[in-house]
Amino acid sequence: MNHTFHPTILREYDIRGIVGETLFAADAFAIGKAFGSRVRRAGGSTVCVGWDGRLSSPELAAALVDGLVSAGCIVSKVGRGPTPMLYYAAKLRGADGGIMVTGSHNPPTHNGFKMVFQGKPFFGPDIKNLGELTAAGDWLDGQGSAADEPVFDQYVDRLLADYDGTHPLKVVWDCGNGAAGEVAQALARRLPGTHTVLFGDIDGTFPNHHPDPTEPHNLRALIDEVLFSRAHLGLAFDGDGDRIGVVDAEGRILWGDQILVILAEDLLKSRPGASIIADVKASKVFFDEVARLGGQPVMGRTGHSLIKTQMAEIGAPLAGEMSGHIFFADKYYGFDDALYAAIRLLGIVARWQGETLASRRDKLPHMVNTPEMRFDCAEERKFQVVAEVKERLAAAGARVNAIDGVRVDTDDGWWLLRASNTQAVLVARCEAASSEGLKRLRAALEAQLTASGVALPG
Ligand SMILES: [Zn+2]
C-alpha cells in the first residue's frame with residue numbers, strides 16, 4: 001500500500017490544502033502513518049494530536065489518529081483549541097511528536113497540519129520526506145492506541161501563572177470565531193479587570209470576519225469596541241491562535257515589531273544583554289530600540305519554524321515576526337503562542353505607572369512604511385531575480401544584508417525584496433524617515449525589478 005498527495009499540499013512550513021479538492025481524509029491517514037513511522041524509527045512512540053474549529057477538522061483529525069495508531073503510535077488526543085495548546089501538550093507530556101490539524105487564518109474551505117518532532121519544528125526537508133515515505137509505502141505497521149486526554153484546563157492555568165499585572169485593565173478580545181475563542185474566554189473570566197470577548201464562540205464558517213489580524217479590515221470591530229467602551233487596549237488572534245494583533249486605546253494598530261519592542265523593553269530589565277530576534281521584515285526602529293535598551297537585536301529569516309530554530313541555536317529568550325508570531329523562551333517554551341504573548345503584554349501594561357500603550361507607542365520613533373507589496377513572479381524565476389538584484393547592488397557598492405532576500409540600507413531608510421517561501425511571488429517592503437525618502441526607496445526597488453524583467457502592477 002502507498003499513497004500520493006496532491007502536489008500542492010506539501011509546503012515549506014506545513015501541509016495545507018482545500019478540503020475535498022486537494023486534501024482528503026485519506027491524506028490525513030497517510031500523514032499519520034508516515035509521521036508515526038518517523039517517530040517509531042527514531043525510537044519514540046507518543047504523539048499528541050489537536051485540532052482547530054474548522055468544520056472539516058474532526059474528520060481529518062480522526063483519520064490522522066487512525067494513521068498514527070496503524071503505525072504503532074500511542075496517541076494523546078488533546079482536544080479542540082489553538083495551535084499553541086497542542087505545542088504545550090506535547091511539551092507537558094514529553095511527547096515524541098505533535099500534530100495540529102489547522103487551516104490557520106485561511107478560508108473555511110482550507111485545512112492542514114502543523115507538526116513538531118522531538119520538541120522541534122518539523123518542516124522543509126522533513127515535510128518533503130513524508131511525501132517520499134508515503135509515495136513509496138515505506139512505513140511501519142503496528143497496533144497502537146489512542147485516548148482522549150484534554151489539556152485545556154492545564155493550559156489555561158499555565159498561561160495565567162505568568163500574569164504579573166498590578167492594576168486592573170479594561171480589555172477587548174477579538175477571536176474572530178477562531179480556535180483561540182474558548183481559551184480567551186476562560187482567561188477573560190479569570191483575569192482581574194473588565195474584559196469583553198468579541199466572536200469568542202468557535203465557528204468554522206467565520207461568520208463575522210476573517211480571523212487574520214494582519215489585515216486591518218479584520219480589526220474594524222475590535223477598534224470600534226475599544227473606542228466605544230474606552231478600553232485600555234484590544235487584542236486579536238488569528239484562526240489558530242499563534243498570531244496576535246494589538247490595538248491601543250486610540251484604536252491604532254501596533255504591528256508585530258512594535259509589540260516586540262514593548263515586550264523586549266520589559267524583558268531586558270531582568271535579562272540585560274539578551275538577544276532578541278525579529279524577522280527581516282521588521283522596522284529599523286526595532287533594531288535601534290532593542291540596542292538602545294541594552295539588548296542584542298538579531299535579524300532573522302522570515303518563517304515561524306526558522307525563527308524557533310534560530311532562537312534555540314542562539315539562546316534568545318524572545319523573538320517575533322511582523323506577521324504577529326511572538327515566541328517567548330523566557331519562563332516559557334520558545335514556541336509561538338499569541339495567548340501567552342497577550343498575558344505577558346497585559347502584565348506589562350497593568351504594571352506601568354503613568355504610561356499607557358498609546359503613550360508608549362507615541363514614544364517610538366516615527367517612520368513611514370509601504371504595506372507589504374507583492375509582485376507575481378514565476379516559481380522557477382523568483383530566487384534568480386533576488387540573486388540578480390543582489391549581484392547588481394553588490395557591484396554598485398550598496399549596503400546589503402542578504403540573510404533572507406536582500407535588505408538594502410540607504411540614507412533614507414531601507415527596502416527589502418525576498419522570494420516568498422510558499423507562493424510564486426516576490427515580496428517587498430520599504431521604510432523611510434520621510435515620505436520623500438520613501439518615494440526614492442520605492443523607485444530604487446522598482447528599477448531593480450524592471451531590470452530583472454518583473455512586471456510592476458498598473
Ligand atoms: Zn496561525
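Going by the structure above, here's the rest.
On a predicted model such as this, the values are computed, not experimentally measured, just so you know.

Caption draft 1: Seen up close, the environment of V425. The residue V425 is located in strand β22 (residues 425-432) in this model. For the pair V425 and S305, spaced 120 residues apart in sequence, the C-alpha to C-alpha distance is 20 Å. Residues in contact with V425, not counting those within four places in the same chain, are R374, F375, D376, C377, K382, R418, A419 and S420.

Caption draft 2: The arrangement of the side chain of N106 in detail. On the secondary structure map, N106 appears in the loop between β4 (97-101) and β5 (110-117). On the accessibility criterion, N106 (12% relative accessible area) is buried. Contacts of N106, omitting those with residues within four sequence positions, involve R16, R54, F206 and H210.

Caption draft 3: A look at the pattern of salt bridges. For the coordinates displayed, the defined rule picks out 37 salt bridges. Between R220 and D224 there is a salt bridge, with its nearest N and O atoms 3.1 Å apart. Of this pair, R220 and D224 both sit in helix α7 (residues 220-228), separated by 4 residues, roughly a single helical turn. One salt bridge in this structure joins D248 and R252, with 2.9 Å as the shortest N-O distance. D248 gets classed as buried once you look at its relative accessible area, which sits at 0%.

Caption draft 4: The arrangement of the sheet that holds strand β14 (residues 296-300) in detail. Strand order in this open sheet of 4 strands is β14-β13-β15-β16, and the pairing throughout is mixed. Both edges of this open sheet fall to β14 and β16 (326-328), since each of them pairs with a single strand only. Recorded for the sheet is a direction-independent mean angle of 15° between the axes of neighbouring strands. In this sheet, β14 lies alongside strand β13 (residues 275-279) in parallel orientation, the contact comprising 5 bridges. From the neighbouring strand, I277 faces β14, where its bridge partner is V298. Set on the sheet, helix α9 (residues 284-292) makes contact with β13 and β14; between it and β14 the angle comes to about 155°. Relative to β13, helix α10 (residues 304-314) is tilted by about 165°, and along the sheet it contacts β13, β14, β15 (318-320) and β16.

Caption draft 5: Quick peek at the coordination of the zinc ion. Coordination sphere of the zinc ion, protein contribution only: S104 (OG), D238 (OD), D240 (OD) and D242 (OD), at 2.0 to 2.5 Å. Around the zinc ion sit 4 donor atoms, and with donor-metal-donor angles ranging over 90 to 164° the site reads as irregular. Counting residues between consecutive donors of the zinc ion along the chain gives the motif S-x133-D-x1-D-x1-D. The residues D238 and D240 share a single accessibility class, namely buried.

Caption draft 6: Highlighting the layout of surface pockets. Within this model, the second largest pocket holds a volume of roughly 380 Å³. The wall of the second largest pocket is formed by 23 residues, among which K91, G119, K120, P121 and Y333 lie closest to the centre. Going through the elements one at a time, α3 (83-92), β4, β6 (120-121) and α10 are the ones with two or more residues in the lining of the second largest pocket. In terms of residue count, the dominant contributor to the lining of the second largest pocket is α10 (5 residues). The residue makeup of the lining of the second largest pocket, split by class, is 12 nonpolar, 6 polar and 5 charged.

Rules of the game
- Along each chain, residue indices are assigned from 1 in the same order as the chain's sequence is written.
- Owing to the predicted nature of the model, reporting of local features is limited to residues with pLDDT of at least 70; listing and counting of side-chain atom pairs is limited to 80 or more, with chain, interface and lining totals taken over all residues.
- Hydrogen atoms and water are omitted, and side-chain values are computed over all heavy atoms in the structure.
- Counting from the N terminus, the helices are DSSP H or I runs at least four residues long and the strands are E runs at least two residues long.
- Any pair of residues with heavy atoms lying within 4.5 Å of one another is described as a contacting pair.
- Buried, partly exposed and exposed residues are distinguished by accessible area as a fraction of the type maximum, computed with a 1.4 Å probe on protein chains only: under 20%, between the cut-offs, and over 50%, respectively.
- Salt bridges are identified by distance alone: a Lys or Arg side-chain nitrogen within 4 Å of an Asp or Glu carboxyl oxygen.
- Strand pairing requires that DSSP identify at least two bridges connecting the strands.
- Working convention: axes come from line fits to C-alpha atoms, limited for helices to the stretch in contact. Angles between N-to-C directions cover 0 to 180 degrees.
- Metal coordination here is assigned from N, O and S atoms located within 2.8 Å of the ion, or within 3.2 Å for Na, K and Ca; omission of water means that sites may look incomplete.
- Any site counts as irregular unless it has four donors with all angles between 85 and 135 degrees, making it tetrahedral, or four or six donors with opposite ones more than 155 degrees apart and the rest between 65 and 115, making it square planar or octahedral.
- With a 1 Å grid laid over protein atoms only, a set of points is called a cavity when a 1.4 Å probe fits there but cannot get out and a pocket when it is open yet has protein on both sides within 12 Å along at least five of seven lines; lining residues have an atom within 4 Å of a point.
- Grid points are joined across faces, edges and corners, and a volume is the space filled by probe spheres set on the points.
- When residues are grouped by polarity, Ala, Val, Leu, Ile, Met, Phe, Trp, Tyr, Cys and Pro land in nonpolar, Asp, Glu, Lys and Arg in charged, and all others, Gly among them, in polar.

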